[in-house]
Amino acid sequence: MNDLGFIYTYTQHTDEHDLCMLEMRSFFGFDVTSTVLRSSIEIDPSRSAFMKERLDIMYEGDNLEEISRQVEQYDLDGSTFRVVSLNTTDLDTTKKIGHPERRKIEREIGLRVNGTPDLVNPPANTFGIVLLDGKWYFGKHVESESVWFLHQKKPHMYSTALSTRVARAVANIAIPHPEGVRAIDPCCGIGTVLVEALSMGINIVGRDINPRVVLGSRKNIAHFELEGTVEIGPIAEVVDEYDVAIIDMPYNLFTHITPEEQLEILKEARRFTKKVIVVTIETIDHMVEEAGFVITDRCVAKKGHFIRQVLVCE
C-alpha cells in the first residue's frame, strides 16, 4: 500500500468519454472530467485503454528543491534509472510544460538520484516527476502497455463484435477488482470480452448457444496463448452461481431474436448472479426492471454513428 497514493493520467477520444468515465467510477468510485486523477487505489494502467501512466507517489513538495532534497535520501544501490516528466500535456488546471523545460527538470532531479542514469537502454527503475496545481510529486513511473491493441487481429472476427477497447472497458466495469470474483459471459460470441478479461487475469468463463462461434471463441483465446473455458449451450443451462455476468445482448439487427427472448436472457441471468453488465443497441430499461435488476450506472459507447448502451445492473 502507498500512503501517498497514485496519480493517473488519461487520454480518450470524444466518442469514448462516457465509457472512460464509467470505467473510472468502477475502478475508483468517482470520475473526473480532466486528464488526471489521484486515488489511494492501485490499478495496473495497462488494464485500461484510456490510462497513459501511473505515478506511485514517493515524495511531494511545494517546489523542485524540496523534491530534490527528498530524492537524495533514496538509494538505488547503483541500479540504473531514468526520470521522466509527466507534464507533456495540460493536466487539469496545470498547463503543459515545454520540452526544453521538462528536460531541464528531469536532469535536475536525476542528478540527485543515487544510482546509475541510463537514457538509452530500458533502466531497472523509471521515476516520474509532475507538477499539479502548484505542487510537485515524484515517484515510480508505470507506463501503460496497449495490450488491447495486440488483440485487434483475431483468427475469427465479426464486424458487429465489440471493439477491443470497448470490450476491455466493459470487462473492467464488470470486474474492476478481480480478486475472489467469478464472472461469466453467457452469450460470448467469438470471445472479444473473454480475451480482454482473461488477459487481465480475470476469472471468467464463456458460453454460447452457437457451436460455431464457441469454436471461434476457443481458437481466439488459444491464439493469444490464454487459457479459458467456453461451453456450448443456452443461458438457461447455467447451473453455477457467479458474482457478475457480462451480456452483449443479441439484437434483431443481426440475429433472429425477439424481445421476449432478450427478456428471457435477463431473467435467466438474474437466477445465477446479482450483478450484470449489459451492452445493448436498444433501450431495454423496462426489460431490466422486469427481470428484477436495477440500473445503478450507465453510459453510451459510440463508434461513428453506431451507439451502444452499457448498463450496470444490480
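For the structure, see preceding data.
To keep things clear, this report deals only with the structure shown in the data block. (Residues numbered from 1 in each chain as written. Predicted model: local features only at pLDDT ≥ 70, side-chain atom pairs only at ≥ 80, totals over all residues. Heavy atoms only, no water.)

**Concerning the sheet that holds strand β14 (residues 306-313)**
To keep it simple, the criterion reads: At least two DSSP bridges between two strands are required for those strands to pair. Counting from the N terminus, the helices are the DSSP runs of H or I reaching at least four residues and the strands are the DSSP runs of E reaching at least two. To obtain each axis, a line is fitted to C-alpha atoms, and for helices this fit is confined to the stretch in contact; angles are then taken between N-to-C directions over 0 to 180 degrees. Between two residues, a contact is recorded if the distance between any of their heavy atoms is within 4.5 Å.
Pairing is mixed across the open sheet formed by 7 strands, whose spatial order is β10-β9-β8-β11-β12-β14-β13. Looking at which strands have only one partner, the edges of the open sheet turn out to be β10 (230-232) and β13 (295-303). Averaged over all pairs of adjacent strands, the angle between strand axes in this sheet comes to 20°, irrespective of strand direction. Here strand β12 (residues 276-280) pairs with β14 via 5 bridges, running antiparallel. By the bridge assignment, Val279 is partnered in β14 with Val310. Those strands touched by helix α7 (residues 211-223) are β9 (204-208) and β10, and its axis lies near 170° from that of β10.

**Comments concerning helix α5 (residues 164-174)**
Basically, it comes down to this: Buried means the residue's accessible area, taken with a 1.4 Å probe over protein chains only, is under 20% of the maximum for its type, while exposed means over 50%, and partly exposed covers the values in between.
Counting buried residues along α5, 11 of its 11 residues qualify, which places the element largely inside the surrounding structure. Within α5, burial applies to Thr164, Arg165, Val166, Ala167, Arg168, Ala169, Val170, Ala171, Asn172, Ile173 and Ala174.

**A closer look at the pairing of strand β11 (residues 244-248)**
Extensive coverage of β11 is indicated by the burial of 4 of its 5 residues. Bridge count between strand β8 (residues 183-185) and β11: 2 bridges; the pairing is parallel. If you follow Ile184 over to β11, its bridge partner there is Ala245.

**Description of the side chain of Lys154**
Quick reminder of the rule: Under the rule applied, a polar contact is a pair of N or O atoms within 3.5 Å (in protein, one hydrogen donor and one hydrogen acceptor; residues adjacent in sequence only if both atoms are side-chain atoms).
By the secondary structure assignment, Lys154 is in the loop between α4 (147-150) and α5. A polar atom in the side chain of Lys154 sits 2.7 Å from the backbone oxygen of His151.

**Digging into the state of the cysteines**
Rules: When two cysteine sulfur atoms are found within 2.5 Å, that pair is recorded as a disulfide.
In this structure the tally under the stated criterion is 0 disulfides. With no disulfide of its own, Cys188 lies 8.2 Å from the sulfur of Cys187, the closest cysteine sulfur.

**Let's talk about the packing of aromatic side chains**
The test is simple: For this analysis, a ring pair means two rings from Phe, Tyr or Trp (six-membered ring only for Trp) whose centres lie within 6.5 Å, classed as stacked if their planes differ by under 30 degrees, edge-to-face if by over 60, and tilted for the remaining angles. Only when the NZ of Lys or the CZ of Arg is both within 6 Å of the ring centre and within 35 degrees of the ring normal is a charge said to sit over the ring.
Within the structure shown, the criterion is met by 10 aromatic pairs. Ring centres of Tyr74 and Phe127 lie 5.8 Å apart, and the angle between their planes is 85°; on these two criteria the pair is classed as edge-to-face. Taken together, the residues Tyr74 in the loop between α2 (64-71) and β4 (75-85) and Phe127 in strand β6 (residues 125-132) connect sequence positions 53 residues apart. On the numbers, 6.3 Å between centres and 80° between planes, the contact of Tyr242 with Phe272 is edge-to-face. Here Tyr242, found in the loop between β10 and β11, pairs with Phe272, found in helix α8 (residues 259-272); they are 30 residues apart in sequence, far enough to count as distant. Residues Tyr242 and Phe272 agree in their burial class; the two are buried. Through a chain of ring-to-ring contacts, the aromatic side chains of Phe6, Tyr8, Phe27, Phe28 and Phe30 assemble into a single cluster. Lying over the aromatic face of Trp148, Arg165 brings its terminal NZ or CZ to 4.7 Å of the ring centre. Here the guanidinium or amino end of Arg270 rests over the ring plane of Phe293, the centre of that ring lying 4.9 Å away.

**Things to note about the nonpolar core**
Note the cut-off: To define a nonpolar core, start from buried Ala, Val, Leu, Ile, Met, Phe, Trp, Tyr and Cys residues and group those joined through side-chain atoms within 4.5 Å.
Tyr10, Leu19 and Val310 are the most contacted members of the largest nonpolar core, which has 50 residues in total. With residues near it in sequence (within four places) discarded, Val310 still touches Leu19, Leu22, Val170, Ile173, Ile277, Val278, Val279, Asp297, Arg298, Cys299 and Ala301.

**A closer look at the sheet that holds β6**
Sheets are built from strands paired through backbone hydrogen bonds, the pairs being either parallel or antiparallel. The 7 strands lie next to each other as β2-β1-β3-β7-β6-β4-β5, forming an open sheet whose pairing is mixed. At either margin of the open sheet sits one strand with a lone partner, and together these are β2 (36-39) and β5 (114-117). This sheet shows a mean twist of 40° between the axes of neighbouring strands, independent of strand direction. Two strands pair when backbone bridges link them, and strand β3 (residues 51-61) and strand β7 (residues 135-143) are joined in this way by 8 bridges, in the antiparallel orientation. Bridge assignment links Ile57 to a residue of β7, and that residue is Gly139. Of the strands in this sheet, β1 (6-10), β2 and β3 touch helix α1 (residues 17-28), which is tilted by about 165° from β1. The strands touched by α2 are β3, β6 and β7; relative to β3, the strand with the most contacts, the crossing angle is about 85°.

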